[in-house]
Amino acid sequence: MSNSLSLDPENIVDVAVEAARRGEQSLAEALDRIPAAVYLTDAQGVVTHFNRACVDFAGREPEARLDRWCVTWRLYSDDGAFLPHEHCPMAVAIREGRRVRGVRATAERPDGTRVDFLPHPTPIFDADDRLIGAVNLLVDLRDARYRDFLCSQRARCRRLAGSVGDTRTADILQAMAADYEEQARQAERPN
């Protein structure tokens, strides 16, 4: 996966989950090929691995085995309220054992600059369905690749809607296109 590829969040999360399941030897290499900030935690939320993009995103070097829940310095909710790391989307995903999507947040870097982003925390379960950790992709909303991905998905849904003969399927595809369009609008709006 190269940095020039589109930013498909679910595909990237799948790549990171599979790398985590394969183990330590290929993990760092796999994470560094991911074109966005991604990190892993253990089942208690302790950061175990992160890629170089996390350092660029967070404006700091995360501390593996010391940082908990997140690689950012400070977090704020979409409405601007301070968001303690223990209440962040990654903490929710681990505590509740579920993927968290559709949340917008702001990361503050140590230098005071802020980055609006969409987290994609996803629990990782072993073969016996026990929580073993989680992966989180942090999509920087300034990243044009993400908006390009949303626009391409919107166009794809509209093309498919125009090619199917079933009205119900066409309506579903049009609704999906509208959802991608709304996500693109949300990504472009200032916090």
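Model, not experiment: these values are computed from the prediction.

What counts and how
- For every chain, the first residue of the written sequence is number 1, and numbering continues from 1 onward in sequence order.
- Restriction of local features to residues with pLDDT of at least 70 applies here, the model being predicted, together with a cutoff of 80 or more for giving and counting side-chain atom pairs; totals for whole chains, interfaces and linings are based on all residues.
- Working from all heavy atoms in the structure, the side-chain values ignore hydrogens and water.
- Each residue gets one of three labels from its accessible area relative to the maximum for its type: buried under 20%, exposed over 50%, partly exposed in between, using a 1.4 Å probe on protein chains only.
- Helix and strand labels come from DSSP, where a helix needs a run of H or I of at least four residues and a strand needs a run of E of at least two; each type is numbered from the N terminus.
- At least two DSSP bridges between two strands are needed for those strands to be called paired.
- In what follows, residue pairs with any heavy atoms lying within 4.5 Å of each other are defined as contacts.
- Known as pLDDT, the predictor's confidence for each residue is given on a scale from 0 to 100.

## Some thoughts on the pairing of strand β4 (residues 105–108)
Of the two faces of β4, the one lined by Ala-105 and Ala-107 and the one lined by Thr-106 and Glu-108 are each fully buried. Direction of pairing for strand β3 (residues 74–77) relative to β4: antiparallel, over a ladder of four bridges. Residue pairing across strands places Tyr-76 opposite Thr-106, the latter belonging to β4. Summarising the sheet, β4 and strand β5 (residues 114–119) pair through four bridges and their orientation is antiparallel. Following the sheet pairing, Thr-106 is matched in β5 by Asp-116. What sits between the antiparallel neighbours β4 and β5 is a turn of five residues, in which Gly-112 has the positive phi angle 95°.

## With respect to helix α4 (residues 89–96)
Along α4, the residues classified as buried are Pro-89, Met-90, Ala-91, Ala-93 and Ile-94. Those residues of α4 that are buried lie in contact with β1 (37–42), β5, β6 (122–125) and β7 (131–140). Directly beyond the C-terminal end of α4, a positive phi value near 60° is found at Gly-97.

## Some words on the confidence of the model for the chain
Mean pLDDT over the chain works out to 84, with 87% of the residues at or above the 70 mark. Per-element averaging of pLDDT across the chain places helix α2 (residues 24–33) at the bottom with 69 and α4 at the top with 97. Note that pLDDT drops below 50 for residues 1–5; the model gives that stretch 12 contacts with residues more than four away or on any other chain.

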